[in-house]
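# Observations on the three-dimensional arrangement
The primary structure of each chain is shown beneath.
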Amino acid sequence: MSAGYTVGTWSGLPNYSCEICPYATTDRETMIEHVFIHRRPPLPLARVSSYVLGPDGRPAPIPSISKPGEG
Ligand SMILES: [Zn+2]
């Protein structure tokens, strides 16, 4: 399994470049923490968007589906 980053040189210093995105740093610990975020499972989309935008661009409440026997 790849480490997730490659090591080069930048102004005589070791330069760590992410293999997944253009991120690069001269600090190895910082890069190790960075590549870790790429390995976390993505968040479920349903939980990210808890509201929708109305026609005027402001958050509008999501119409709730009433269950039988409630209300
Ligand atoms: Zn990255």
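In short, a report on the structure.

## A look at unusual backbone geometry
Non-glycine residue S11 carries a positive phi angle of around 55°. Considering the arrangement of structural elements, one finds S11 in the loop between strand 1 (5-10) and strand 2 (13-18). The class of S11 is exposed, set by 6 C-beta atoms lying within 10 Å.

## Some thoughts on the pairing of strand 1
Here strand 1 runs beside strand 2; their pairing, made up of 6 bridges, is antiparallel. Bridge pairing in strand 2 links W10 to L13. Connecting strand 1 to the next strand, strand 2, in antiparallel fashion are 2 residues, including S11 with a positive phi near 55°.

What counts and what doesn't
Residues numbered from 1 in each chain as written. Predicted model: local features only at pLDDT ≥ 70, side-chain atom pairs only at ≥ 80, totals over all residues. Helix = DSSP H or I, 4+ residues; strand = E, 2+ residues; numbered from the N terminus. Buried ≥ 20, exposed ≤ 12 C-beta atoms within 10 Å, placed from the backbone. Pairing = 2+ DSSP bridges.

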